[in-house]
Every structure is written in C-alpha cells, then in structure tokens.
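As a plain string of letters, each chain reads:
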Amino acid sequence: MKGPLVRIALVSAPWNLLETPSLPLGILSAAAAGCQRPPEVQEFYANLDWADYLLDASGGDLTPADYGYVANLGVWYGMGDWVFTSALYDQPDWHRAEFTAHLERVGVPPGRSFEMAQHAERFVELTARRILASDPDVVGFSSTFQQNIASLALARRIKQLRPEVRTLMGGGNCAGSMGAAIHRNFDYVDYVISGEAEDSFVEFVDHLDGYREVSEVAGLSWRAEDGSTVVNKPAGAVRMESAPCPDYRAWFEAVNASAVRPFIQPKLLYEAARGCWWGEKHTCTFCGLNQLTIGFRSRPAEQVLAHLREMIERYRLLDVVAVDNILDMAYLKSLLPQLAAEDWDLHFYYEIKSNLREADVRLLRRAGLVQVQPGIENLSSRVLKIMEKGVHATQNVVLLRDCEENDITVDWNYLYGFPGESDEDYDEVLAQFPALAHLQPPAGSVRIILERFSPYFERPELGFGLRRPAAHYEHLYDLPPDELQEIAYQFVTDERGIGADKAAEVRAAVRQWRAAYPQSSLTLAPDEDGSLTLADRRTGWPQREVRLAAGCEAAAYTALLKPRRVEAVAAELGIAAADLEALVADWQRQGLVFREGGRVVALATRCTSIKSGEA
Ligand code: SF4
C-alpha cells in the first residue's frame, strides 16, 4: 500500500520565450498519466511571472520587449543567466564589472539586463514561496538555453525554505556530461535527468512511489549516501508515437491571466520528429545535435494530424512552430497533402532540408508551412561540402527562388569560419550577391561557434584543437575551470577559415542585400510567341524588360530553372556548348543567372511575391 499521491511542481524558469508554452512541461504533465499512480502535477510559468513582475516593479518601464531582447540575443552572451547570478550567490551585482567588460568586448549592448538584475533576488524569494505554497513533494525544472541560473537560484531557495522537498532538473542543459556536472556542483539539486525525459520522468515518479529502485531510472543522476553523484545508464531514444500530445492548458490559463498577454501573439509548439535523418549519416560539422539522440524518429502522419486538430480546436490558434530539427521527407507524401486538404489556414514554422523540388515547395505552401528554416548557411559549394551539408550552392539558390515565388518566409544566416575555406570561396559568391537582391537575404552573417556534441567539438582533428568555455561562463558559475568545461555548451576556439577583413566584407555584402531586398523583384513571363520577358526591378540594376527570343534563348533559360551544367543543357537542346556558354556568360553579367561550382541556375521568379505589393 502506498502513501498519498506524489505532488509535483514543474517549473519553466526565465528566460523561456513568452510567446510559446514550454514543450517539456506540456509533455511531462501529459506523460505523468503513464505513472503507476499518476501524480498531482502543477505547472509554474515563472518566466511569465518574471515578465509580469518586471512590468509591475518598474511601473511599466521594463517591458516584455526588454525581456525578449535578453531572451533572444542574450543566449549567445549569457545575459539572461547573469541577471539571476545575484539571486543565486546572494551577492548583489555579482561579477557586474567583469560581465560589463565582457559585453563591451563583444560589442553587444546589455539592454535592460542591469536594471532587471536588481529585481531578481526578490522575485526568486516570492516565486520559491509561491511554488512551496502548492505543497509539492518534488519541484522539477526544465532547463534549456538561459534557464540554468534562474532554475538553480529557485532550487536553492526552495531547499533552504523546505529541505525535505526534492528538486529535479532536466532539459537540454542537462544533456550528457552537463547534467552530471550540474548534479555534482549544486548540492541543492537532488536529481538530474539527462536525455529524453518522458520515460525517465515516469520511472522517477514510480521510484518515488516505491515501484522501482532509484538505480532503475534511466538517465538519472542521484546522490549516494557518501554524497557522491551516481549516474544511471543513459535513457534510450523515445518512440515518437508513444510520446503524448503536449497539454498546454495550464500555460494558456497562465498567459491569459498575465499582464504580458496584450504584448504577445501566442504560438503553439509541436514536435513531430526527433533526431535528424541527414545527421544520422553526415552530421553537419558545426551541428551540436546530441549524437546520442540524433537517430531520426517521427510520428505517423495520422497522429500528427490528430494532434494538430486537437490543439487547434482546444486552443483556437493557427500559429504552430514545429521544433523538429528537420522535416520528415515522408511527410511530403503523407502529412502535407492531408494538411493541404484540411484548408485550415495554418501558419506552420518548420525546419527543412534545402534540396526540395519546386513541386515540394508549392506543397509546403498549400499545407500552411509559410515560414521555413532550411539551413542554407552558405552559397559556396566548397564551403557547404566542408560542413557536410549535402547540397550544392545552386540548390540553395533554387530554394530561395522557389520560396520567394510561393510567399514562404525563409530564415537563414550566412555562416563562415570553417577550417579549409578560403577567400576565393567567398569572392566568387559575393560578386553575385547583387543579382540575388530579389531573393530573401540572410538575417545576418556570423562566424560559427564551437558547440558541445558537434563533430567539430568531438573531433579536434577537424580543425578546432582549442576548446575553452565561452567567456561568459566564468561570470555565471563560481566553479573551477574543469567543472566549467563540463557545464558549458558554447566554446571559444581557434579562428579558422577566412580572416577578419573578408568576414567584414561578407557582413557588409549581407547588409547591402538586406537593404536591397524589399524593393527588388525579377520576374519571368512567357509571351505568346514563345519568347520570355524578364522584368527587372532589382535595386542596383537597370529597371527594364529583357526579352529572351523564342527558340534557343527561351529554351535554355527555361532549362536552367533547375541547376544544370552548361554542356548538359547544350547537349539537350542540340546547340553548340560554346554558343550557350557565351549566352550564359552574358546572362551572368546581367545578373539573370547564378553560377557556382560548375552549375548555373536561372534567378527570375515566375510570379511576383507578396513583398513587392504587386501580387
Ligand atoms: S544542421 Fe540540421 S541537417 Fe545538419 S545535422 Fe544538424 S539538424 Fe541535421
């Protein structure tokens, strides 16, 4: 016979985004039903509470926009974590001078971080007491990105106030050795779950309830009697079809009662797949997707459809962000046609592989995938090969063109700094950036950083021998270097690839592209006599119509809508390769085609996109 039901408080600490629920909390609260005796679960959205508290305590001066700045940009510089260090160490302005100097060195404005930090200690006190008022046996924290220090500060205060309450941490920040390091270094964290947590969480609750030994909870770090950390065998990869549909009812209750509600547009989060089918065989060299969980698994299309229907009807929202690392290509034949048939007017965000066919892109649009992150990364085939992307640069350009045509927003960044790349890899492409003015530009261009679990991190022989925790970690954790090394996710390393001058050139070229894009278009229309008319309205180019004569010219340009070699198109059309070469060279001078790595692709879109206002 067991005692009373286990009571669990699940906490999503700052700086989870305000617009979206916590997927881990939504999943775990649903997964709890699978315990031998389902526990009482209460969810605490301390991130919303923090934004509310800042608004209130500052008389409306510290707004959700200020929160958003720290939550989004701060992730690369430890800004949000630093805000809670004073609460964690009971020292106002802990390492403030050093942290300020760090931000100045990297040239990033602190936003309102320093003012926010003044409120952190009081907020932690109030929140710890509020959580304890629910009388929990266990308080669990899901920690990803910048949620570590706030979670630790809350866990510490909770243990001070009520030592018998057990504390648990999990989430992305606890993957692999990072989880054991958190457990080893913070004795007020009783348990840590590393890896995918649905099954481990159920096993953990069953352990608390007396149904299994602590050593039988996969992925769990716990304390032996002598205080040392014991790490159980790793948790396996969860089968997606058995993972529950997230339950967001508590989040919607919280957000609707929150003072930040008028400032935000809520979005649903959904996870149809885990791992990466590309990374299983050729992990992109910079990608920190955990090797332990890279094996690709996806839900059956029918289940995804049923879950989406359930969520849309329950929460009355059509904005859905898929957190999958990559779209399951099988969904092109199963899920997406069904979504298209539903006519839901869905606004679905998805990460995809960039080598999609034009028909696939049209299907994405019809299925409601109006915003994609295709991992374009670079437009040099040689650099793409170095990073094991498995696409040719011209395929990336085709995707940009087809998304432009289909009014799909593309999120991408231009990455540089790969071992083995050279200035020449950039020169050829930068010279052609002006021709791409009508296609969606990268949000920015950045040197890659070394992430734990990435091939570049795991295999120093690939070019990055040095691996030191990124500079901000020493202003967040009061730990010796060897422990910092275990807790960090981002690392400082040797600068590889192009130097500072070429990098500045790339950044300037991206800025120009971004400035030119909103007013630019280059469209293609067939004429009745078989000729083609290209209407050029790109910034920086003569505003004019270019006519491609019926026959060889029109046929060649049409053939080049797919990336091709000049010789192959010439052979197909039965014309001399030298003649076509001359034509293509002329088109390249006029910016009508993109040429790279031996292939050529036509740049004109077949209709005007919404951004030009002419659709
Ligand atoms: S970057 Fe994307 S495609 Fe490459 S391994 Fe990582 S998840 Fe897969």
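Not measured: the values here are computed from a predicted model.

Reading the values: rules and limits
Residues numbered from 1 in each chain as written. Predicted model: local features only at pLDDT ≥ 70, side-chain atom pairs only at ≥ 80, totals over all residues. Heavy atoms only, no water. Pairing = 2+ DSSP bridges. Helix = DSSP H or I, 4+ residues; strand = E, 2+ residues; numbered from the N terminus. Axes fitted to C-alpha atoms, helices over the stretch in contact; angles between N-to-C directions. 1 Å grid on protein atoms, 1.4 Å probe; cavity = no way out; pocket = protein on both sides within 12 Å on 5 of 7 lines; lining within 4 Å. Points joined across faces, edges and corners; volume = space filled by probe spheres on them. Nonpolar A, V, L, I, M, F, W, Y, C, P; charged D, E, K, R; others polar. Domains from an automatic or database assignment.

1. Regarding the sheet that holds strand S22 (residues 544-548)
So, point 1. Reading across the sheet, the three strands line up as S20-S21-S22 and stay open at both edges, with antiparallel pairing between neighbours. For this open sheet the edge positions go to strand S20 (522-526) and S22, each flanked by a neighbour on one side alone. Ignoring strand direction, the axes of neighbouring strands in this sheet form an average angle of 20°.
So, point 2. Direction of pairing for S20 relative to strand S21 (residues 532-536): antiparallel, over a ladder of five bridges. Across the sheet, the residue bridging to threonine 523 is alanine 535, located in S21.

2. Some words on the layout of surface pockets
Over the atoms a probe the size of a water molecule is rolled, and this reveals where empty space is left.
So, point 1. By volume, the second largest pocket amounts to about 290 Å³.
So, point 2. Contributing to the lining of the second largest pocket are 15 residues, with Leu356, Arg357, Glu358, Val398 and Lys562 lying nearest its centre.
So, point 3. Among the elements of the structure, helix H15 (358-366) and helix H17 (393-405) are those that each provide at least two residues to the lining of the second largest pocket.
So, point 4. Sort the elements by how many residues they give to the lining of the second largest pocket and H17 lands first, with four residues.
So, point 5. Class assignment of the residues belonging to the lining of the second largest pocket gives a composition of five nonpolar, three polar and seven charged.
So, point 6. Here the lining of the second largest pocket spans two domains, and each of domain 2 (267-518) and domain 3 (520-612) adds at least three residues to it.

3. A look at unusual backbone geometry
So, point 1. In this structure, the amide linkage connecting proline 14 to the following residue, tryptophan 15, adopts the cis form with an omega of 20°.
So, point 2. Of note in the backbone geometry, aspartate 93 takes a positive phi value of approximately 60° without being a glycine.
So, point 3. For phenylalanine 145, which is not glycine, the phi torsion reads 50° and is therefore positive.
So, point 4. Within the secondary structure layout, phenylalanine 145 lies in the loop between strand S3 (138-142) and helix H8 (148-161).

So far we have only geometry, and geometry alone does not tell us how the molecule works.
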